[in-house]
Amino acid sequence: MTTFRPIDNLDPGQRLLVRIDVNAAVEDGTVQDSRRFARHAETIRELLANDHAIAVLAHQGRPGEDTFVSLAEHAELLADHLDHPVAFVSDTCGEDALSAIDDLEPGDVLCLENVRMRDGELPEEEPATKAETDLVRTLAPEFDAYVGDAYSAAHRSHASIVGFPHVMDAYAGRVMEQEYTAITAIRDRSFDGPVTMVLGGTKAEDAIPIVEQLDDTVDRFCLGGVVGELFLRADGYAVGYDVADSSLFDHQWDNHRDDLERSLEAYRDRLYLPTDLAFEDDDGERVEVAVEGTTKERPFLDVGTETANRYADIVVNSAAVFVKGSLGVFEDERFADGTVTVLAAIAEADCFSVVGGGDTARAVERYDLDEGDFSRITIAGGAYVRALTGDPLVGVDELDSEN
Ligand SMILES: Nc1ncnc2c1ncn2[C@@H]1O[C@H](COP(=O)(O)OP(=O)(O)OP(=O)(O)O)[C@@H](O)[C@H]1O
Ligand SMILES: O=C(O)[C@H](O)COP(=O)(O)O
């Protein structure tokens, strides 16, 4: 059990470096708002009420990806949620950043540039090594304390997550505390009835360990999204192939084929695969087809109605339901049916429910579902999975005051 030092222990008026996670979807070049901004704004609001001067550190995307962009728009979104100005400097630890940090007064919030644009943040290394990076050596002396609020990035042994708390007075923000407490409670809980996991999204590397390591906890896995298609491919169906400019499937198949086939073989009785899928026809309409009738040339964007209804029946008859990843491309209304049908069934059901994944959690507000109808909407994706499967989170361990 981790013992955090809470932000209540901070004397007022400190200069704080606050690590948050507002890693966001970027659609048509625009950074999308999400629950992550709202939740971290709560931590920052509380810190502002105690007259601290705050520099915010965060990342967006990964080098080489389209979503690897500046945090300028994130600063604006954060300001909207805070209803308080958030200055932005397009530098992380160079002269411009240091000058802006120097100017910080109590009650100011400054957002530094995407920390992954800075050498030393990546790759994953030991905390002591990350503490030796220029990033940490330059910024740490500028602040009285570090506040770790980025639970959803706490599985990454990056400088901004583990390097600073290794050498600074470190506290856990409210999001860190709440997410840790909720997810630990989920993992340790037992249920009086069947437990179901709705497992979709794009990442086989997340899904496979869940199926294998939660086999004592989860009775039924309802698979969809890219993950569901890869399991269908492992089962011999003509789906789960890259088509046109897609690059979601083949490299994952090459890297995880053995694991997918092994999981399917070992857990077939608890794995529920789509029986129908939806695609976009030449007129831009949604069309559904049974998985037996598919061809490799077709990109699928959602599970079909038969599958969605079958999964909805399963969740309604569950004592607990965990969701990780969406069943389709819910960002496009034509392909949101699978995800929304199942989320709506969970919302109505009398069960303990957790919806996770930074992207997937956005479907709840986007389709006007009521957050209060779920036990917990977590803003974590990979960290949620790792915590559920019992893996330690390095960023949490570094904040443990007993370490
Ligand atoms: N068939 C599909 N083809 C392409 N993309 C899909 C498909 N099904 C689902 N997706 C995409 O999967 C995304 C959600 O899955 P992702 O793996 O990012 O999981 P997450 O758990 O929400 O987030 P994260 O782990 O990044 O916090 C959605 O944005 C959706 O568009
Ligand atoms: O969005 C997330 O899940 C976290 O910010 C981690 O992002 P990463 O997978 O790019 O490290």
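Residues numbered from 1 in each chain as written. Chains lettered and ligands numbered in written order. Predicted model: local features only at pLDDT ≥ 70, side-chain atom pairs only at ≥ 80, totals over all residues. Heavy atoms only, no water.

Trainee: It is not clear to me how the overall build of the protein should be interpreted in this structure. Could you clarify?
Mentor: Secondary structure summary: the protein contains 15 helices and 17 strands in total. The C-alpha radius of gyration computed for the protein amounts to 22 Å, which stays within 12% of the reference 22 Å derived for 403 residues, consistent with globular compactness. Viewed in the frame of its principal axes, the protein has a C-alpha envelope of about 65 × 45 × 40 Å. The average position of the 33 basic charges and that of the 84 acidic charges among the side chains of the protein differ by 4 Å. (Helix = DSSP H or I, 4+ residues; strand = E, 2+ residues; numbered from the N terminus. Rg over C-alpha atoms; globule rule 2.2 N^0.38 Å. Lys, Arg positive; Asp, Glu negative; His and termini not counted. Charge placed at Lys NZ, Arg CZ, Asp CG, Glu CD.)

Trainee: Help me out: how do you make sense of a negative patch on the surface in this one?
Mentor: Among the surface-exposed residues, D33, E73, E76, D80 and D83 lie close enough to one another that they form a single negatively charged patch. Of note, E76 is situated in helix α2 (residues 72-82). (Patch = residues over 30% accessible without salt bridge, like charges linked within 9 Å, V, L, I, M, F, W, Y side chains within 5 Å. Areas by Shrake-Rupley, 256 points an atom, 1.4 Å probe, with all protein chains shown as cover. Salt bridge = Lys/Arg side-chain N within 4 Å of Asp/Glu carboxyl O.)

Trainee: Mind showing me how you'd approach the site of ligand 2 here?
Mentor: The environment of ligand 2 is made up of D21, N23, R36, H59, R62, R116, S152 and R156. A distance of 2.6 Å separates an oxygen atom of ligand 2 from a polar atom in the side chain of R62. One of the side-chain N or O atoms of R116 is found 2.9 Å from an oxygen atom in ligand 2. When ligand 2 sits alone it has 320 Å² of accessible area, and the protein chains cover 88% of it. Partitioned by chemical class, the residues of the shell around ligand 2 number no nonpolar, three polar and five charged. (Near = heavy atom within 4 Å. Polar contact = N/O pair within 3.5 Å; in protein donor to acceptor, adjacent residues only side chain to side chain. Nonpolar A, V, L, I, M, F, W, Y, C, P; charged D, E, K, R; others polar.)

Trainee: What exactly am I supposed to notice about helix α6 (residues 159-167) here?
Mentor: Given 3.6 residues per helical turn, the α-helix brings residues three or four places apart onto the same face. Burial analysis of α6 places seven of its nine residues in the buried class, the great majority of the element. Those residues of α6 that sit buried are A159, S160, I161, V162, G163, F164 and P165. (Buried < 20%, exposed > 50% of the residue type's maximum accessible area, 1.4 Å probe, protein only.)

Trainee: What should I look at first to understand the pairing of strand β4 (residues 53-57) in this one?
Mentor: A regular strand places its side chains so that they alternate between the two faces of the sheet. Extensive coverage of β4 is indicated by the burial of five of its five residues. Judged by which residues are buried, β4 turns out to be covered on both faces: A53, A55 and L57 on one side and I54 and V56 on the other are all buried. Where strand β1 (residues 15-19) meets β4, five bridges bridge the pair, whose relative direction is parallel. Within β4, the residue paired with V18 across the bridge is V56. (Pairing = 2+ DSSP bridges.)

Trainee: What exactly am I supposed to notice about unusual backbone geometry here?
Mentor: Note on backbone geometry: most residues besides glycine have negative phi, and most peptide bonds are trans. The peptide bond linking L122 to P123 adopts the cis configuration, its omega dihedral lying at -5°. At D83, a residue that is not glycine, the phi angle is positive and equals roughly 55°. Note on placement: D83 falls in the loop between α2 and β5 (87-88).

Trainee: Would you explain the pattern of salt bridges in this entry?
Mentor: Enumeration over the complete set of coordinates arrives at 30 salt bridges. Ionic pairing is found between R386 and D206, a salt bridge with its closest N-O pair at 4.0 Å. Remark: D206 occurs in helix α8 (residues 204-213) and R386 occurs in helix α14 (residues 382-388); sequence separation between them is 180 residues. Since its relative accessible area comes to 22%, R386 is described here as partly exposed. Between R262 and E212 there is a salt bridge, with its nearest N and O atoms 2.9 Å apart. Separated by 50 residues along the polypeptide, R262 in helix α10 (residues 250-267) and E212 in helix α8 bring together distant segments of the chain. E212 sits in the partly exposed class, given a relative accessible area of 22%.

Trainee: Looking at this model, I keep getting lost on the nonpolar core. Mind explaining?
Mentor: Within soluble globular proteins, side chains that are nonpolar generally end up buried alongside one another. With 76 residues, the main nonpolar core has L112, Y151, F164, M197, F221 and F322 as its most contacted residues. Counting residues per element, this core draws most heavily on helix α9 (residues 225-234), at six residues. Of the domains in this structure, domain 1 (7-176 + 394-399) and domain 2 (189-369) are the two that each give at least three residues to this core. When neighbours within four sequence positions are excluded, F164 is seen to be in contact with L17, L57, L135, V136, L139, A140, Y146 and A159. (Core = buried A, V, L, I, M, F, W, Y, C linked by side-chain atoms within 4.5 Å. Domains from an automatic or database assignment. Contact = heavy atoms within 4.5 Å.)

Trainee: Help me understand the side chain of S152 in this model?
Mentor: Within the secondary structure layout, S152 lies in the loop between β7 (145-148) and α6. Of note is the side chain of S152, whose polar atom sits 2.6 Å from the side chain of D21. Among residues more than four places away in sequence, those in contact with S152 are D21, R36, I379, A380 and A383.

Trainee: Please clarify how the sheet that holds β7 should be interpreted in this entry.
Mentor: Strand-to-strand pairing in sheets goes through backbone hydrogen bonds, with the strands running parallel or antiparallel. What the six strands build is an open sheet, ordered β5-β6-β4-β1-β7-β8; its pairing is parallel. Unpaired on one side and paired on the other, β5 and β8 (170-172) mark the two borders of the sheet. Relative to strand β6 (residues 109-111), β5 runs parallel, the two being bridged by two bridges. Counted as the bridge partner of A87 is L110 from β6.

Trainee: Any chance you could explain the pairing of strand β15 (residues 320-324) here in plain terms?
Mentor: Among the five residues that make up β15, five are buried, leaving the element largely enclosed by the rest of the structure. Here β15 shows a buried face lined by A320, F322 and K324 and a second buried face lined by V321 and V323. As paired strands, strand β9 (residues 195-199) and β15 are joined by five bridges and run parallel to one another. By the bridge assignment, T196 is partnered in β15 with V321. With five bridges connecting them, β15 and strand β16 (residues 352-356) associate as parallel partners.

Trainee: I keep staring at the sheet that holds strand β11 (residues 271-272) and nothing clicks. Help me out?
Mentor: Read across the open sheet, the six strands follow the order β11-β10-β9-β15-β16-β17; overall the sheet is parallel. Pairing within the sheet leaves two strands with one partner each, and these edge strands are β11 and β17 (376-377). Here four bridges tie β9 to strand β10 (residues 220-223), and the two strands are oriented parallel to one another. Of the residues in β10, the one forming a bridge with M197 is F221. Contacting β9, β10, β11 and β15, helix α11 (residues 305-316) crosses the sheet at an angle of about 150° to β10. (Axes fitted to C-alpha atoms, helices over the stretch in contact; angles between N-to-C directions.)

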